[in-house]
Amino acid sequence: MVNYNNDACGLHFVGLLIVLSALCTNAFSSSARVSTTRFNAIPSHKGGALPSLPNVKAAVIVPGFLTGKDEFIPLARSLTAKGIPTVVVPMPNWHWLPCLGGRSMRPMLERIDFTVKHLAAVAGDLDQYDALTTDSLSKDPQLFIPNFSYDPIDLYQDFRNNPGGVLQVGGSAEVDQYPLWNPKGTFQEAPEAQGKVILIGHSAGGWIARAYMSSRNYGGKSYNGHKLVHSLVTLGSPHGNAPGPAFKGVEWVNNDVIDAGVRALAVGGTGYKGDSSGQLTQNAYSFCCPYGSDGSQYDGDGVTPIESALAMKEYVTNADTLVLDDVGHFCWSDVFGGATVAPELAKFHKEGRPWYGDDDIIEKWAGWI
């Protein structure tokens, strides 16, 4: 098993702990079970993805809550080495701070939109795309994505004004009742799109990617990501409705249907029982459960119960699902303090049980792309 280094996982570990606190307030290997569910749901918008743009096998990774580009560069490089040039939304983990407590994800949606548009602008150019896979840039397609400007003053203003959440900033925790507000930051405009790309969302990044795909107004803006994205993959993402302000955004996306022209795959891990994988797992499952369960009777990846990870199929037209047996959410034994906070999960990982980001596991879900 190949594990990412401590720098790639440490901040993600911290992020998971804070997430839990906030919540309180086309071949697969034989070890994977694949199910495909078809629905006749009608998209909530007319039209669809732009037919004139070619589908390009290049991807954008949306990091999970309180993680950023640095934590997911190793995964991007692994996918690039497998023939899928991949970039990560170019932000540090502290850019999530205005979203704490279940508030609006507009700051994250702006960053996703920025990254998708810039990759779409270069991915469809055959000359540039060939160069991407043959010269030195093949090791770092991230160089095609410019940085954007966001300073501490911007952070302070966003933290103060970003609506929703436990404190009902702006008057309500309901997404459709958010006041009109634009996040701070200066984002360079992208050239015209030349192709449609893939979105890969890990953990909370998965349901936020679904919000990006929607044509509905989210807190003052419709992103219409379905026009620039041809496929969506979510890894251990909580897609099921559950109580509390942190799930208001999930509830909002579950009232929508992704355009029928977009392929979607929900990936979830199993093998981590709520009653035998430690208190962190049981608490995490409890947070994600819709019926007030204590989490003990659920199975999943150690953070997201499998029912929630696969629930996207109930809301997304023609979504596929992939169950990965004995695959965890995170590389617990590689991080400082992991054995203290989640001793059982750290022990399992140290003994060789993989997570979504290990090379042999990537092969299972990336084959769908």
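Model, not experiment: these values are computed from the prediction. (Residues numbered from 1 in each chain as written. Predicted model: local features only at pLDDT ≥ 70, side-chain atom pairs only at ≥ 80, totals over all residues. Heavy atoms only, no water.)

Student: Explain the overall build of the protein to me, please; I cannot follow it from the model alone.
Tutor: Each helix and strand counted, the protein has 12 helices and 9 strands in total. Evaluated residue by residue, the protein yields a buried proportion of 60% over its 369 residues. Total accessible area on the protein stands at roughly 14700 Å², and carbon and sulfur atoms take up 52% of it. (Helix = DSSP H or I, 4+ residues; strand = E, 2+ residues; numbered from the N terminus. Buried < 20%, exposed > 50% of the residue type's maximum accessible area, 1.4 Å probe, protein only. Areas by Shrake-Rupley, 256 points an atom, 1.4 Å probe, with all protein chains shown as cover.)

Student: Just checking my understanding: could you explain the pairing of strand β6 (residues 263-269) for this structure?
Tutor: A regular strand carries its side chains on alternate faces of the sheet. Counting buried positions over the 7 residues of β6 gives 6, a clear majority of the element. Bridging between strand β5 (residues 229-235) and β6 involves 5 bridges; their strand directions are parallel. Across the sheet, T234 pairs through a bridge with A266, a residue of β6. Bridge count between β6 and strand β9 (residues 320-324): 5 bridges; the pairing is parallel. Bridging across to β9, G268 finds its partner in V323. (Pairing = 2+ DSSP bridges.)

Student: Please clarify how the environment of P305 should be interpreted in this entry.
Tutor: Tracing the sequence through the fold places P305 in the loop between β8 (299-300) and α9 (306-310). Accessibility expressed as a relative area gives 2% for P305, which makes it buried. P305 sits 10 residues away from G295 along the chain, and the two C-alpha atoms are 8.7 Å apart. The contacts of P305, once residues within four sequence positions are left out, are Y285, C288, Y298, D299 and G300. (Contact = heavy atoms within 4.5 Å.)

Student: I would appreciate a short explanation of the pattern of salt bridges in the present structure.
Tutor: Side chains carrying opposite charge are able to pair once their charged atoms draw close together. For the coordinates displayed, the defined rule picks out 10 salt bridges. As a salt-bridge pair, K221 and E110 come within 3.2 Å of each other at their nearest N and O atoms. Of this pair, K221 sits in the loop between α6 (204-213) and β5 while E110 sits in helix α3 (residues 106-123), placing them 111 residues apart in sequence. Two residues, D113 and K221, come together in a salt bridge whose shortest N-O distance is 4.0 Å. Of this pair, D113 sits in helix α3 while K221 sits in the loop between α6 and β5, and the two are 108 residues apart along the sequence. (Salt bridge = Lys/Arg side-chain N within 4 Å of Asp/Glu carboxyl O.)

Student: Could you clarify how one ought to interpret the packing of aromatic side chains in this entry?
Tutor: The geometry of an aromatic ring pair is captured by the separation of the ring centres together with the interplanar angle, meaning the angle of the planes. A complete count under the given rule lists 10 aromatic pairs for this structure. Measuring from centroid to centroid gives 5.5 Å for F114 and F148, while their planes differ by 80°, and the two rings are edge-to-face. One end of the pair, F114, is in helix α3; the other, F148, is in the loop between α4 (126-134) and α5 (152-161), and 34 residues separate them in sequence. Accessibility classification places F114 together with F148 in one group, the buried group. Both rings, one in F330 and one in W355, keep their centres 6.3 Å apart while their planes meet at 75°; by these two values the pair is edge-to-face. Of the two residues, F330 is situated in the loop between β9 and α10 (338-341) and W355 in the loop between α11 (343-350) and α12 (359-366); the sequence distance between them amounts to 25 residues. W355 matches F330 in its accessibility class, with the two residues each being buried. A network of ring pairs unites the aromatic residues F114, F148 and F187 as a single cluster. Lying across the ring of F159, R103 places its NZ or CZ 4.9 Å from the centre. (Phe/Tyr/Trp six-rings, centres within 6.5 Å; stacked < 30°, edge-to-face > 60°. Lys NZ or Arg CZ within 6 Å of the ring centre and 35° of its normal.)

Student: What am I meant to see in the layout of surface pockets here?
Tutor: Think of a ball as big as a water molecule: rolled over the atoms, this probe shows where empty space is left. As a volume, the largest pocket reaches approximately 260 Å³. Around the largest pocket sit 14 residues that line it, and D113, F114, K117, E189 and A190 are the ones nearest its centre. Looking at the lining of the largest pocket, its residues break down into 6 nonpolar, 2 polar and 6 charged. Counted as a void, the second largest pocket has a volume near 160 Å³. Along the wall of the second largest pocket there are 13 residues; nearest its centre are G240, N241, P290, E307 and S308. Each residue belonging to the lining of the second largest pocket can be placed in one class, and the counts come to 8 nonpolar, 3 polar and 2 charged. (1 Å grid on protein atoms, 1.4 Å probe; cavity = no way out; pocket = protein on both sides within 12 Å on 5 of 7 lines; lining within 4 Å. Points joined across faces, edges and corners; volume = space filled by probe spheres on them. Nonpolar A, V, L, I, M, F, W, Y, C, P; charged D, E, K, R; others polar.)

Student: How do you make sense of the nonpolar core when you look at a structure like this?
Tutor: A general trend in soluble globular proteins is that nonpolar side chains are found buried together. Formed by 58 residues in total, the largest nonpolar core has its most connected members in W96, M105, V116, L119, L199, I208 and Y212. Of all the secondary structure elements, the ones that give two or more residues to this core are β2 (55-62), α3, β4 (196-202), α6, β5, α7 (248-253) and β6. Counting residues per element, this core draws most heavily on α3, at 9 residues. Among all residues touching V116, those that are not within four sequence positions of it are V60, V197, L199, Y212, L228 and V229. Judged by nonpolar contacts, the second largest core, of 40 residues, contains L79, Y356, I362 and W365. (Core = buried A, V, L, I, M, F, W, Y, C linked by side-chain atoms within 4.5 Å.)

Student: What is the right way to read the environment of I362 from this model?
Tutor: Within the secondary structure, I362 is located in helix α12. A sequence separation of 283 residues divides I362 from L79, and the C-alpha atoms of the two residues are 7.9 Å apart.

Student: I keep staring at the packing of α3 against α6 and nothing clicks. Help me out?
Tutor: Two elements in contact, α3 and α6, have axes separated by 10 Å at closest approach and are oriented at 70°. By the angle between their directions, the pair α3 and α6 is classed as roughly perpendicular. Every residue of α6 that contacts α3 at M108, L109, I112, D113 and V116 is listed here: I208, A211 and Y212. Residues of the contact of α3 with α6, tallied by class, amount to 7 nonpolar, no polar and 1 charged. (Axes fitted to C-alpha atoms, helices over the stretch in contact; angles between N-to-C directions. Parallel < 35°, antiparallel > 145°, perpendicular 65-115°, else oblique.)

Student: Quick question: what am I supposed to make of α12 here?
Tutor: Working note: α-helix, 3.6 residues per turn, so residues spaced by three or four point in the same direction. All of the buried residues along α12 are I361, I362, K364, W365 and A366. Packed against the buried residues of α12 are α2 (69-81), β4, β5, β6 and β9.

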